[in-house]
Amino acid sequence: MMIKANKNLPIFSQTETDTPKHPLGSRAKVLLTGVFGPYAQDDEYGSRKLNPMELYHNQVTRTQGPFSLRMFHRSWGLMMIQNNIKAPCTLLDFPVLDRFIEEITTRQYDIIGISSIIPNQGKVRKMCELIRQYQPDATIIIGGHIANIPDLDQRIDADHIVKGEGVAWFRRFLGEDDQQPVRHPITVSGIGTRNAGVSCPEKPGDVAATVIPSVGCPLGCNFCSTSAMFGGKGKFISFYETGDELFHVMCQMEKELQVQSFFMMDENFLFYKKRALRLLELMEEHGKAWALYVFSSANVLKTYTIEQLVGLGISWVWMGLEGEDSQYKKLHGIDVPKMVKELQSHGIRVLGSSIIGLEEHTPENIDAAIDYSVAYNTDFHQFMLYTPIPGTPLHAELSAKGVMKDESTFDPGDIHGQLIFNYHHSNITDGQEGEYMLRAFDRDFEVNGPSVLRIARTTLTGWQRHKNHPDKRVRARFAFEANELKTTYSALAGAAVHYYRDNPTMQAKMKALRDDLIREFGLLARLASLFGRFWVSRKIQQEEKRLAEGWTYEPPTFYERNAHCTDNPKAAPCRAATPLTAQQPVTPSRIAGKHQLSPTKKDDAVTVG
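Conventions used here
- Residues numbered from 1 in each chain as written.
- Predicted model: local features only at pLDDT ≥ 70, side-chain atom pairs only at ≥ 80, totals over all residues.
- Heavy atoms only, no water.
- Pairing = 2+ DSSP bridges.
- Helix = DSSP H or I, 4+ residues; strand = E, 2+ residues; numbered from the N terminus.
- Expected span 1.5 Å × (residues − 1).
- Buried < 20%, exposed > 50% of the residue type's maximum accessible area, 1.4 Å probe, protein only.
- Contact = heavy atoms within 4.5 Å.
- Axes fitted to C-alpha atoms, helices over the stretch in contact; angles between N-to-C directions.

A few points about the sheet that holds strand β10 (residues 198-199)
Thought 1: Ordered in space as β3-β9-β10, the three strands form an open sheet in which the pairing is antiparallel. What marks the edges here is a single partner per strand, and that holds for β3 (70-72) and β10.
Thought 2: Strand direction decides the pairing type here: strand β9 (residues 191-195) and β10, joined by two bridges, are antiparallel. Within the sheet, the bridge partner assigned to Asn195 lies in β10 and is Val198.

If you want it as structure tokens, here you go:
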């Protein structure tokens, strides 16, 4: 049986109840894939060297040269879907074009799903054309941020476009129960980590696990495409509503991956306070010395005591700083610079995010705006252009004002938040914005130095403050996080002293860090800084040479099958955690808006503006 290609189909969202059904149901063979690579190059399909498949190097440490943090992140959304449908499902993650063609010409599929961001729509169009050529009977489903494009069905040849959360949609499409508990994929947060020319080891326990408690963001900033995709302001979708469910999943990941740290891939993890504090209770009860890396807004962070944050293992926070005198309520009434310093004084590393090109920015005040952001001295700093993405309130607002550019005047592949505006800014002339972005990254690097060594400073501060903490669980967590300070970071600090030999100001900063490490950890740190620095310095020189020659970094291809796929031995089996609800049935909400902010439920969620 087959479903014929049908243009002009509606865009389905996660709240639709009229989802179509595939005639084969769970017997359908499914292929899920991201867009094809290579990625860090300029090509006809929308790839850009300036927009590689590396979050940190792309948007955070972009101009830090050999000190830039390089790593890749798996396509977690596709992994979620694969682990939560009963149909035989193969996942092809980070294929090159030839590998994608090989897959669709050697294996037959009933359904092929593609996930993409908006700049890669040229790749999605090409993949759809290839599917129609080689597998004309396959149903093509498109999801991810690209689904926010209102007329996407006119741009590509697909059967269904799914906006928002894909697990429930796929379950309905296959005739399965969309209220089943969610099986979380067991996976690490990063792969291929590289810094200072050194590829970091990835043995069990070296890399944090990824946990996705919820999707969407209830704060609903007008520029946020993630919030818009999952329902907008006041809405999000929770996979694990209770701390007990979350703790159960994390315990399995701890055992399977031998990890002690978790990257909580949730737009505002601490917002759901009842869940977070219950997780803290369970960590204390079971002696879990876990470290949590989270996203959070300032107005949510301020509702927790520092003791709660330290006890919960919050060791890394990604928070929006936006800009001085920001219009966003999440920053109102908060001394954010003071908050950042307090967090760092307890060993909590901060990744601050600032926007270039806000309405009030002009050529005359842009340097002051950049200096304001740099003065935070966060461990990392992300800079992004103020960009109206289709589907967001900001896009609707600027469209109504008639200031959006005609798409014929730019390539969608260049609208990735680092190069150009897709609208006419009232104060900034076309072409200036890209230069301002470089200016911001360069200024942060020049003033604050390599992010990897800022991390060392904050980690050292946390260790010195809490190494004698009365709670042995907290002591154990800080000992775990400080473990590499005496060796790896001491060697890197020693190399940085040599690297900055022609920059007295920055060299003094690196010397101070090196000397503080030696004072704290003694002989081992001294030896590492003396002898390890020679090897690290050589690696840095080699990396600089590679970068000068145009070297780029690409992720490996992953090929995996779920437990229901029994006829594809070449694909590696994927792994998932068993939900707590398998033993103690709990029906999680699958409806966006279930956790809307309510003044009568302040214990369940943080009340914000």
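Digging into helix α4 (residues 121-134)
Thought 1: Spanning 14 residues, α4 covers 20 Å between terminal C-alpha atoms, matching the ideal 20 Å at 1.5 Å per step.
Thought 2: Those residues of α4 that fall on the buried side of the exposure criterion are Gln121, Gly122, Lys123, Val124, Met127, Cys128, Leu130, Ile131 and Arg132.
Thought 3: Contacts from the buried residues of α4 go to β2 (30-34), α3 (97-106), β5 (111-115), β6 (139-143) and α5 (152-155).

So, the pairing of strand β18 (residues 380-385)
Thought 1: The element β18 is largely enclosed, with a buried count of six among its six residues.
Thought 2: Of the two faces of β18, the one carrying Phe380, Gln382 and Met384 and the one carrying His381, Phe383 and Leu385 are both buried.

Thoughts on the sheet that holds β18
Thought 1: Here six strands make up an open sheet; going across it, the order is β11-β14-β15-β16-β17-β18 and the pairing parallel. Strands at the two margins of the open sheet, each flanked by one partner only, are β11 (209-211) and β18. The average angle at which neighbouring strand axes cross in this sheet is 20°, direction not considered.
Thought 2: Two strands pair when backbone bridges link them, and strand β16 (residues 314-322) and strand β17 (residues 349-356) are joined in this way by six bridges, in the parallel orientation. Counted as the bridge partner of Glu322 is Ser354 from β17.

Thoughts on unusual backbone geometry
Thought 1: With an omega of 0°, the peptide bond running from Gly37 to Pro38 counts as cis.
Thought 2: One non-glycine residue with positive phi stands out, namely Phe94, at about 60°.
Thought 3: Note on placement: Phe94 falls in the loop between β4 (89-93) and α3.
Thought 4: By relative accessible area, which is 4% here, Phe94 ends up buried.
Thought 5: Its identity as a non-glycine residue notwithstanding, Asn377 has a phi of 55°, on the positive side.
Thought 6: Secondary-structure assignment places Asn377 in the loop between α13 (366-374) and β18.
Thought 7: Residue class for Asn377 comes out partly exposed when judged on its relative accessible area of 34%.

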